[in-house]
Amino acid sequence: MSCQSAFIYTEKFQQYKFRDDHPFNQIRVKLTYDLLKHAGTLTDQQVMTPRIATDDEIQLVHHHKYVEAVKQASQRNMSESEIIEYGIGTEDTPIFDYMHEAAATLVGGTLTAVDAVINGPYDHAVNFGGGLHHAFVRKASGFCIYNDAAIAIKYIRQHTNYKVLYIDTDAHHGDGVQWAFYDDPNVCTLSIHETGRYLFPGTGNTNERGRLGGYGYSFNIPIDAFTEDESFLEVYQNALSTIAEYFNPDIIVTQNGADAHAHDPLTHLCNTMNIFEEIPQLAHQIAHTYCDGRWIALGGGGYDLWRVVPRAWAQIWNIASHFEPLSGALPQDWIDTWSEKSPVTLPTTWRDESGIYNEIPRKNEITEKNRISLEKSLKLIKNQQKYT
């Protein structure tokens, strides 16, 4: 299996910044880039500078009035009542200078990744600056101004006849992408996320299956709080393998939030670095089995900026470009470079040490609940297979 992979990166990703104390901070992208450079698994030749998305491209998903509102708000030219209507100026998504330009750069990064794959010569492309899956047609949501993942899928459909499988393993439901394609039979969405009973955005139930022609192409598997590696991977591997065979995609887009880790401060799952090795390995296999290798990998959530996200996202690139995750010690130069800036002690190894969280007494109950969610979500496929 021979692959060419593109890594989309610019220092300008750092301009997407709400405020210093906001949990969403794109320094994690720089930390990932720097970790890969120190590890020797990313070369300058593999790095592509993103373009800025045009208004027409952003409006493949977002209403033109919303795009104009983002521009005006970032220049402080709107009243508070007008701003709130569009979901900006909130605690989650406060206004910052040049907000439109910064968000358009993230979208442009994802479209650069798409172009690299659908126009060649690349099999895979990653944009860890993207993966902002919560934004809606006329409204910002959950730290997301423009929904680059949904825009990318619309762009793929505009320029090709590819069937797109979207795979979202962020701890938060991929709601904005799901609703954008809820009636589209050419886009299949799979979201595996912490149950909305405890976590934003509160959606993503197993009965959200699509509508009209898109019925049967939306899959949600809400997993219980305190889910651990074994149960997460059981759900992921069974769901993705079954859905890929059912849908037979031409290209996959993965949203790779790293907030399912036990250290993440905004979620309640208890996973380790193990899942962030396994998730991209199966995605890579699916891409080559069904899609001639076509795979766009995005970032997403992930709020333990220093200990978790750089290692998790670096392993995606390592797998996309070298076919196996790294293990052993992290590069000492990387640790030395960032230790003084980090508010926490940096890890020294690619994999987690044992005992990073307390034993979960409800493990068996949680595992069974997750199996029930998996079965409910895949019931439609199982019934079709039963009668064919």
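Reading the values: rules and limits
Residues numbered from 1 in each chain as written. Predicted model: local features only at pLDDT ≥ 70, side-chain atom pairs only at ≥ 80, totals over all residues. Heavy atoms only, no water. Axes fitted to C-alpha atoms, helices over the stretch in contact; angles between N-to-C directions. Helix = DSSP H or I, 4+ residues; strand = E, 2+ residues; numbered from the N terminus. Parallel < 35°, antiparallel > 145°, perpendicular 65-115°, else oblique. Left-handed = near helix turned anticlockwise from the far one by under 90°. Contact = heavy atoms within 4.5 Å. Nonpolar A, V, L, I, M, F, W, Y, C, P; charged D, E, K, R; others polar. Buried < 20%, exposed > 50% of the residue type's maximum accessible area, 1.4 Å probe, protein only.

Participant: Would you mind going over the packing of helix α9 (residues 273–290) against helix α10 (residues 309–322) in detail, with residue names and values included?
Facilitator: When two helices pack together, their arrangement is captured by the angle between the axes and the distance separating the axes. At their nearest, the axes of α9 and α10 sit 9 Å apart, and the two run at 30° to each other. Our classification of the angle between α9 and α10 gives roughly parallel. Judged by the twist between their axes, the crossing of α9 over α10 is right-handed. Across the interface between the two elements, Met 273, Phe 276, Glu 277, Pro 280, Gln 281 and His 284 from α9 touch Arg 311, Ala 312, Gln 315, Ile 316, Ile 319 and Ala 320 from α10. For the contact of α9 with α10, the per-class residue count stands at seven nonpolar, three polar and two charged.

Participant: Before we move on, could you go through unusual backbone geometry and cite the residues and values that matter?
Facilitator: Residue Pro 121 follows Gly 120 across a cis peptide bond; omega there is 5°. Inspection of the secondary structure puts Pro 121 in the loop between α5 (99–118) and β3 (124–127). The omega angle of the peptide bond from Phe 200 to Pro 201 is 0°, so this bond is cis rather than trans. Position of Pro 201 among the secondary structure elements: in the loop between β5 (187–194) and β6 (218–223). A positive phi is found at Asn 248, a non-glycine position, where the angle reads about 55°. Along the chain, Asn 248 falls in the loop between α8 (229–247) and β7 (251–255). Taking the relative accessible area as the measure of exposure, Asn 248 reaches 43% and is therefore partly exposed. Positive phi values are uncommon outside glycine, yet Asp 292 reaches one of about 55°. Within the element layout of this structure, Asp 292 appears in the loop between α9 and β8 (295–298).

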